[in-house]
Amino acid sequence: MGKTATKISRNTYTGGELFGYLVGMFGQNLIYQVIAAGLVSVYLGTVLYIPAGVVSAIIFAARIWDAINDPMMGTIVDRTHTKWGKCRPYLIFFPAIIGAFTILCFMNGIYTSPGASKALIIAWAAASYIIWGMLFTVCDIPLWGITSLMTEDENDRAKIIGLARMAAGVGGIGTVISFVPGFLTGMFEGKYNAMIGTVVKGTEYTQQMANNDAKKAAWIATVVGVTVIATICFEVAGLVTRERVPGDAEDKRGIIENFKIMFACHPFRQILISGVLRSPLQLLMLLAMPLMLYYYTDNAFENVGDLDGGQRIIKIALIGLAVFIPQFAAMAITPALVKKFENKAIYNFYTVVGAVPYALIFVAYLVFKGNLLGWAAVVITAVCIGLASASMGGINVMQSIMIADCVDYEEYHKGYRPDGVFFSGQSFLTKLSGGIAAVIQGIVYSVVKFSDANLDNINYRLTQGEHFFEMDGGKYAAAMFFLISIPVALGMLLSALPMRSYGMTDAEHKDMLAALIAKREAAKNGEVEAPAETEEA
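A brief look at the structure comes next. Treat the numbers as computed from the prediction; the structure is a model and nothing was measured. (Residues numbered from 1 in each chain as written. Predicted model: local features only at pLDDT ≥ 70, side-chain atom pairs only at ≥ 80, totals over all residues. Heavy atoms only, no water.)

### Some details on the overall build of the protein
Reasoning step 1: The helix and strand tally for the protein stands at 20 helices and two strands.
Reasoning step 2: For 537 residues, the compact-globule estimate of 2.2 N^0.38 gives 24 Å, and the C-alpha radius of gyration of the protein, at 24 Å, lies within 12% of that figure.
Reasoning step 3: The dimensions of the protein, computed from C-alpha atoms along their principal axes, are 85 × 50 × 40 Å.
Reasoning step 4: Burial status across the protein gives 57% buried among its 537 residues.
Reasoning step 5: Partitioning the contacts of the protein with sequence separation of at least 6, the portion at a separation of at least 24 is 85%.
Reasoning step 6: Accessible area for the protein stands at about 20500 Å²; split by element, carbon and sulfur atoms hold 67% of it. (Helix = DSSP H or I, 4+ residues; strand = E, 2+ residues; numbered from the N terminus. Rg over C-alpha atoms; globule rule 2.2 N^0.38 Å. Buried < 20%, exposed > 50% of the residue type's maximum accessible area, 1.4 Å probe, protein only. Contact = heavy atoms within 4.5 Å. Areas by Shrake-Rupley, 256 points an atom, 1.4 Å probe, with all protein chains shown as cover.)

### Observations regarding a nonpolar patch on the surface
Reasoning step 1: Taken together, the side chains of Ile313, Ile314, Leu318, Trp375, Val379, Val383 and Leu387 define a hydrophobic patch exposed on the protein surface, amounting to about 590 Å² of accessible area.
Reasoning step 2: Of all the secondary structure elements, the ones that give two or more residues to the nonpolar patch are helix H13 (311–340) and helix H15 (375–414).
Reasoning step 3: By residue number, the principal contributor to the nonpolar patch is H15, which donates four residues.
Reasoning step 4: Note that Ile314 resides in helix H13. (Patch = residues over 30% accessible without salt bridge, like charges linked within 9 Å, V, L, I, M, F, W, Y side chains within 5 Å. Salt bridge = Lys/Arg side-chain N within 4 Å of Asp/Glu carboxyl O.)

### Points about the packing of helix H4 (residues 95–105) against helix H9 (residues 207–240)
A packed helix pair is summarised by two numbers, namely the angle formed by the two axes and the spacing between the axes.
Reasoning step 1: Direction vectors running N to C along H4 and H9 enclose 165°, while the axes themselves pass 9 Å from each other. Accordingly, the angle class assigned to the pair H4 and H9 is roughly antiparallel. In the crossing of H4 with H9, the sense of the turn from one axis to the other is right-handed. Residues Pro95, Ala96, Ile98, Gly99, Thr102 and Ile103 of H4 touch H9, and the partners they reach there are Val223, Val224, Thr227, Thr231, Phe234 and Glu235.
Reasoning step 2: Here the residues of the contact of H4 with H9 sort into seven nonpolar, four polar and one charged. (Axes fitted to C-alpha atoms, helices over the stretch in contact; angles between N-to-C directions. Parallel < 35°, antiparallel > 145°, perpendicular 65-115°, else oblique. Left-handed = near helix turned anticlockwise from the far one by under 90°. Nonpolar A, V, L, I, M, F, W, Y, C, P; charged D, E, K, R; others polar.)

### Observations concerning unusual backbone geometry
Reasoning step 1: In the Ramachandran plot, Tyr49 falls in the positive-phi region, its phi being about 55° despite a non-glycine side chain.
Reasoning step 2: If you trace the backbone, Tyr49 turns up in the loop between helix H1 (15–47) and helix H2 (52–78).
Reasoning step 3: For Asp472, which is not glycine, the phi dihedral falls at a positive 50°.
Reasoning step 4: Within the secondary structure, Asp472 sits in the loop between helix H17 (452–463) and helix H18 (475–483).

### Things to note about the pattern of salt bridges
Reasoning step 1: The final tally for this structure, using the stated rule, is ten salt bridges.
Reasoning step 2: The partner of Asp78 in a salt bridge is Lys86, and the shortest N-O contact between them spans 3.1 Å. In terms of burial, Asp78 and Lys86 fall into one category: buried.
Reasoning step 3: Between Arg157 and Asp405 there is a salt bridge, with its nearest N and O atoms 3.2 Å apart. In this pair, Arg157 is assigned in helix H6 (residues 154–171) and Asp405 in helix H15, connecting sequence segments 248 residues apart.

### Things to note about the packing of H1 against helix H12 (residues 282–296)
Reasoning step 1: Contact geometry for H1 and H12: axes closest at 8 Å, N-to-C directions at 50°. If you check the angle between H1 and H12, you find them oblique. Read as a crossing pair, H1 and H12 show a hand that is right-handed. Two secondary-structure elements touch here, H1 through Ala36, Val40, Ser41, Val42 and Thr46 and H12 through Leu286, Pro290 and Tyr294.
Reasoning step 2: In terms of residue class, the contact of H1 with H12 is made up of six nonpolar, two polar and no charged.

### A few points about the packing of aromatic side chains
In this description, an aromatic ring pair is defined by two values, namely the gap between the centres and the angle between the planes.
Reasoning step 1: The full count for this structure, using the stated rule, is 22 aromatic pairs.
Reasoning step 2: Here Phe106 and Trp219 contribute two aromatic rings whose centre-to-centre distance is 6.1 Å and whose plane-to-plane angle is 10°, an arrangement assigned as stacked. Taken together, the residues span a long stretch of sequence, with Phe106 in the loop between H4 and helix H5 (118–145) and Trp219 in helix H9 at a distance of 113 residues. Each of the two residues, Phe106 as well as Trp219, counts as buried.
Reasoning step 3: Geometrically, the ring pair formed by Tyr295 and Phe469 is tilted, given 6.1 Å between the ring centres and 50° between the ring planes. You can see Tyr295 sitting in helix H12 and its partner Phe469 sitting in the loop between H17 and H18, a full 174 residues away along the chain.
Reasoning step 4: We classify Phe469 as partly exposed; its relative accessible area is 23%.
Reasoning step 5: Clustering of aromatic rings is evident, with ring pairs tying together Tyr295, Tyr296, Phe362, Tyr365, Phe469, Phe481 and Phe482. (Phe/Tyr/Trp six-rings, centres within 6.5 Å; stacked < 30°, edge-to-face > 60°.)

And the structure:
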């Protein structure tokens, strides 16, 4: 592979397009967190009281379907040819549909406390969540896939992916959605308290029912407000971006052929396997807010200012900042690291070294078990969580950069660009990881009985003055700290194994990209260009 194209001018995005794309990425991830941190982590279990094992089964079933649905959508994207391109049409027309369905997921169980049908609530949860996931995929794959179409410059691509991960991280503010309903519940208590003692659906309406319905109403109000804002931001990406790298106008590949392509591409296959092994990593984001809500506030965040003379709110803020700020820092510096170090080396550094702080989180819990709310324990725990979240941020950026490189790899060797199919792999990994993490969480929660009717009892006991960290011998708190530590550390170490001999060096990719740019330039000028290689090097 020569370097004849190194001086060719490369098409790339404008500043306005970059900003609009990042606004859309923020909106999309805000919606994702409404579902992941709101519906899955809190609402289904602690508001609707669906058993943890059932929630895990719903999520796992959705992930099994994603194994088919995501590559199918990737195939559809790659076969889309419109005046807007192949990714933009989905980003223009589907955000509003996704927003509407996000709200619909939370309408489950309204006014059903008296004589509620558990089967109907579970059926609604399963159907709405699976359909929501399918709709989300329609935009998720194009939103990431367009990053390889907005620019021909590998440094600009690394930049937009790094910034995209940061924008997604800012969208992670949606995880605080679990705190907001506590402040709004009082707005609805009067309405439902007035119903106490009446007969509704053949059942006497009680104080507990009133409390639960007020909580549901507060959740729905919160979700509607957040989702409307998120949807508007999401829409911006489709309206302002442009596709500059031409796709294959004759692309007629089917889903079976694309499945073969995904697994035949050696470097892409390694990324997929590594990502699956790293699935427990999602436990940190899945449990970060429930952990703070229960362990540090006894499930009463609205009253946290009264604890420890007001110091508790500072401690919670320190832990919360540790979850997010180091992620942003790692996302910001990783594109610069890519210019100086081999991609494989950066990726493996984040996975292997990142396993250490994850393991230390549980060690810190065991050491400070009796006084984890003290300042020393809070600071040490925050440092461990911060280093762990930094590794997660860096890995996420590297995964997207390396998948985009694999698209170039496939175009160079086979003559077509599978942007949709390969980025469907990233979408699938994100959702599969969340599913596996949810299954692990469900198993552990079921073992310690932090679920269903017992969780209802736990919530009631907390309102009577008991403390979560010492409840029932501290087994619920231990389960939460274990989940964000040991399984994640093991997954991180395992994920480095497939990447020891990664199938594409940075030098090889640079030469491939230069050759591709030269070929496009020649085609644009009507020159005859040698066909792309048909065999992998």
